[in-house]
Amino acid sequence: VWGAVIFTALSALGAILVFVSSWLLVPLGVAAWGPVWCFVFLWAGWFIGGIATYSVGRYLGRPMVRRLLPEPVISRYEGRIPTGGRFLPALLVTVTVPSDIAGYFFGLVKYPAGIYLSALAIGEIPYGLAAVFLTDAFLQRKLALLLFLAGLVGLAGLQAWRRRGGRSVSETP
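The structure displayed is predicted, hence computed values, not measured ones. (Residues numbered from 1 in each chain as written. Predicted model: local features only at pLDDT ≥ 70, side-chain atom pairs only at ≥ 80, totals over all residues. Heavy atoms only, no water.)

1. Things to note about the confidence of the model for the protein
The pLDDT averaged across the protein works out to 83; a share of 90% of its residues lies at or above 70. No element of the protein has a lower mean pLDDT than helix α7 (residues 143–164), which averages 72, and none a higher one than helix α2 (residues 26–68), which averages 92. Overall, residues 168–173 carries pLDDT values under 50, and its contacts beyond four positions in sequence, including any with other chains, amount to 13 contacts. (pLDDT = per-residue confidence, 0-100. Helix = DSSP H or I, 4+ residues; strand = E, 2+ residues; numbered from the N terminus. Contact = heavy atoms within 4.5 Å.)

In structure tokens form, the structure reads like this:
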């Protein structure tokens, strides 16, 4: 139980801090609990981290975000958060902008919490599944499955990139 709590907390930390990656924990989680429970703990940590980053941006504001994120990161992503409080643009951002960055900006622009958290919950699923099942295939030395899953992830990423057409999310209708 404590291992799962620590794993989830470290996953949350990975979703809060730019320089911490929870992907490095995935092989340990897969080995300890199997792919399904590893996914659940990983997703829960990322979701908790998203709540934390949103809260920091919304309630502690720009001065705190500037302390947590390097200026080049702020400059690069600041304009990518859509306005208007719609779900689909928020979902597109959560799947195209690193989650350890997006939450701060959604909070800064005071995006409706329910919409952001719904988009976050759904947007983290493909990354969690990819991390866990690719790792599981690697650990089990299932090269064909690993290549198939990696190909699916690559095709999904290419399709998302093509649909976006090079436009920033704030330019989507």
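2. Section: the packing of aromatic side chains
Taken as a whole and assessed by the stated rule, the structure comprises seven aromatic pairs. With centroids separated by 5.0 Å and ring planes inclined at 80°, the aromatic side chains of Phe 106 and Tyr 111 adopt a geometry described as edge-to-face. Taken together, the ring pairs in this structure connect Phe 7, Trp 33, Trp 37 and Phe 41 into an aromatic cluster. (Phe/Tyr/Trp six-rings, centres within 6.5 Å; stacked < 30°, edge-to-face > 60°.)

3. Comments concerning the packing of α2 against helix α5 (residues 99–108)
At their nearest, the axes of α2 and α5 sit 7 Å apart, and the two run at 105° to each other. With respect to α5, the axis of α2 lies roughly perpendicular. For the pair formed by α2 and α5, the contact residues are Thr 53, Tyr 54, Val 56, Gly 57, Arg 58, Gly 61, Arg 62, Val 65 and Leu 68 on the first element and Ser 99, Gly 103, Tyr 104, Phe 106, Gly 107 and Leu 108 on the second. The residue makeup of the contact of α2 with α5, split by class, is seven nonpolar, six polar and two charged. (Axes fitted to C-alpha atoms, helices over the stretch in contact; angles between N-to-C directions. Parallel < 35°, antiparallel > 145°, perpendicular 65-115°, else oblique. Nonpolar A, V, L, I, M, F, W, Y, C, P; charged D, E, K, R; others polar.)

4. What to know about the pattern of salt bridges
Close approach of charged atoms allows side chains of opposite charge to pair. Per the stated rule, a full pass over the model turns up one salt bridge. Of the charged contacts in the structure, one is a salt bridge between Arg 66 and Glu 71, with a shortest N-O distance of 4.0 Å. With relative accessibility at 43%, the residue Glu 71 sits in the partly exposed group. (Salt bridge = Lys/Arg side-chain N within 4 Å of Asp/Glu carboxyl O. Buried < 20%, exposed > 50% of the residue type's maximum accessible area, 1.4 Å probe, protein only.)

5. Here's the deal with the nonpolar core
Most often, soluble globular proteins have nonpolar side chains that are buried together. Judged by nonpolar contacts, the single largest core of 24 residues is most densely connected at Val 65, Leu 69, Ile 101, Phe 105 and Phe 106. Broken down by secondary-structure element, the contributors of at least two residues to this core are α2, α3 (71–77), α4 (87–96), α5 and α6 (113–139). With six residues, the top contributor of residues to this core is α5. Residues within four places of Phe 105 in sequence aside, it is in contact with Leu 69, Ile 74, Tyr 77, Glu 78 and Ile 81. Membership of the second largest hydrophobic core comes to 13 residues, among which are Phe 7, Leu 25, Cys 38 and Ala 131. (Core = buried A, V, L, I, M, F, W, Y, C linked by side-chain atoms within 4.5 Å.)

6. A look at α5
For α5, the tally of buried residues reaches nine of ten residues, placing the bulk of the element in the interior. Listing the buried residues of α5 in full gives Asp 100, Ile 101, Ala 102, Gly 103, Tyr 104, Phe 105, Phe 106, Gly 107 and Leu 108. On its buried face, α5 is in contact with α1 (2–16), α2, α3, α4 and α6. Backbone geometry just after α5 places Lys 110 at a positive phi near 55°.

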